[in-house]
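Secondary and tertiary structure notes
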Amino acid sequence: MGRYSKSKELHDRACGSIAGGVNSHLRAHQVPHPLFFCRAAGARVWDADGNEFLDYTLSQGPMILGHSPPAVVDRVSAAMRQGQLFAAQHEAEVTLAEKLCDSIPCAELVRLSLSGSEANHVALRLARAVTGRPLFLRFEGHYHGWLDDLAVSVSPTPDQHGPRENPARVAWSAGQRASALEDCVVLPWNDLDLVRRMLERRADDIAAIITEPVMCNRGCVPPEPGFLEGLRKLCDQYGALLIFDEIITGFRLARGGAQEFYGVTPDLATVGKAMANGFPISALTGRRKAMELLARGMVMHGGTGNANIMSVAAALATLEEIEKGGREFYRRLFARGQHLMDGLRAAAKSAGLSVLVQGPGPMFHMGFTPLRRVVDYRGTLRYDRAKYNRFCAAMLDRGVWLIGRGFWYVSAAHTDQDIEQTVAAAAEALKKL
Ligand SMILES: Cc1ncc(COP(=O)(O)O)c(C=O)c1O
């Protein structure tokens, strides 16, 4: 019996009834095959074979408090006994909206949805309606969700991506609407000059710039000094809306997200993931002037499951835990992340491997490359992904579960001891590479 044999058996069975054996394509690439899990608590998860892992995937980000925190689980259990979904109003959703307006700088009004993709979808619809312009400007390598409008130039290969100054618009999926490509312009991240030139030429067409404030999904690339501020100024100058996709950075870098952390306030921002510690919810938040179009019903947004009792209760419990932690909550999250990043760098150095670890701390990226810095998507193509896959497999065998593309999340449940254990496992795994 192999270490992951029960998972393998279940995966083979799953392939008989679930397309590809997974219900999100992003789960398909786990090495050696998708794993099945039975239980999760704090910073740990247990798979179907009984293996215990320290978890740095945080379920692709949501579990900022760690798994199964009593404050969230108890609150949801109590709330759902009174009802699960009214598809009508209840007081807790108002309390949650007030909390979002209180903590997120751009939030004067909000609308709740279930996923990040939906929140971004409505953000773009709103931006087009507010400005009367058809296009939006997005950045190569940024992930804003899987829907047609959003999934353009997410991970183009070198033979697809075209010249750096004028990247090709590349569909993410077969069957994607061709007009989705025509509805956007794509530029490299962190090059303000190219953004300026594009707006000078096409201001009358561009409704919005949508950006992750940190290019989380590819390389966890921070904004260059002045880049976000520059986008803000250009949007003001040319009458486009600035949209921050804070699905990852929201509640992770600060209570007010990246906009608080970097001191740049967008017109609209979307949050999700960490907002409810694993329950499905997202929010579009924004300036009243833009959000009024939703308020007046000119821009349509719907969803049967929006503001369901469980997700709202989970969000309230999560945000209250973060509030209770105060400044100390983020100080510790950043410190743990920094500790881990430093440990990984040191382990790679002593193994004689060229590794780049970059990011703010609560999330970061690790990859094998001789580069000292990566500033845009094309830089991330210089990472040796095959080697990272081997590293992930070696870490899995040592009880550490990682996201295959090099992204690490740290939760409030990770302890200094967990970090030491992880760095020790990494030192062994890196030496083996
Ligand atoms: C930055 C960003 N935006 C949007 C999304 C889409 O969110 P969802 O998977 O909830 O649709 C993701 C998901 O990973 C994301 O990382």
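Model, not experiment: these values are computed from the prediction.

1. A short note on the domain arrangement of the protein
- Per the domain assignment, the segments of the protein are domain 1 (5–68 + 326–432) and domain 2 (70–321).
- Taking only C-alpha atoms into account, the centre of domain 1 sits 25 Å from that of domain 2.
- Taken together, the contact pairs 32 residues of domain 1 with 43 residues of domain 2.
- Of the roughly 2900 Å² buried at the junction of domain 1 and domain 2 (both faces included), carbon and sulfur atoms supply 60%.

2. Examining the packing of helix H4 (residues 116–131) against helix H9 (residues 288–295)
- Running from amino to carboxyl end, H4 crosses H9 at an angle of 100°, the nearest separation of the two axes being 10 Å. Our classification of the angle between H4 and H9 gives roughly perpendicular. Between H4 and H9, the contacting residues are Val122, Leu126, Ala129 and Val130 on the first element and Ala290, Met291, Leu293 and Leu294 on the second.
- Considering only residue class, the contact of H4 with H9 consists of 8 nonpolar, no polar and no charged.

3. Observations regarding the state of the cysteines
- Under the counting rule described, the total for this entry stands at 0 disulfides.
- Cysteine Cys38 shares no disulfide, and the gap to the nearest cysteine sulfur, in Cys15, comes to 18 Å.
- On the basis of relative accessibility, which here comes to 58%, the residue Cys38 falls in the exposed class.
- The structure places no disulfide on Cys106, whose sulfur is separated from the nearest cysteine sulfur, that of Cys101, by 9.2 Å.

4. Quick look at the sheet that holds strand S14 (residues 407–409)
- Read across the open sheet, the 3 strands follow the order S11-S12-S14; overall the sheet is antiparallel. Of all strands in the sheet, those with a lone pairing partner are strand S11 (355–358) and S14, marking the two edges. For this sheet, the mean inter-axis angle between neighbouring strands, taken without regard to orientation, is 20°.
- Pairing between strand S12 (residues 363–368) and S14: 3 bridges, direction antiparallel. When the bridges of S14 are listed, Met363 appears paired with Tyr409.

Analysis parameters
- Residues numbered from 1 in each chain as written.
- Predicted model: local features only at pLDDT ≥ 70, side-chain atom pairs only at ≥ 80, totals over all residues.
- Heavy atoms only, no water.
- Domains from an automatic or database assignment.
- Contact = heavy atoms within 4.5 Å.
- Buried area = accessible area lost by both parts, 1.4 Å probe.
- Axes fitted to C-alpha atoms, helices over the stretch in contact; angles between N-to-C directions.
- Helix = DSSP H or I, 4+ residues; strand = E, 2+ residues; numbered from the N terminus.
- Parallel < 35°, antiparallel > 145°, perpendicular 65-115°, else oblique.
- Nonpolar A, V, L, I, M, F, W, Y, C, P; charged D, E, K, R; others polar.
- Disulfide = S-S within 2.5 Å.
- Buried < 20%, exposed > 50% of the residue type's maximum accessible area, 1.4 Å probe, protein only.
- Pairing = 2+ DSSP bridges.

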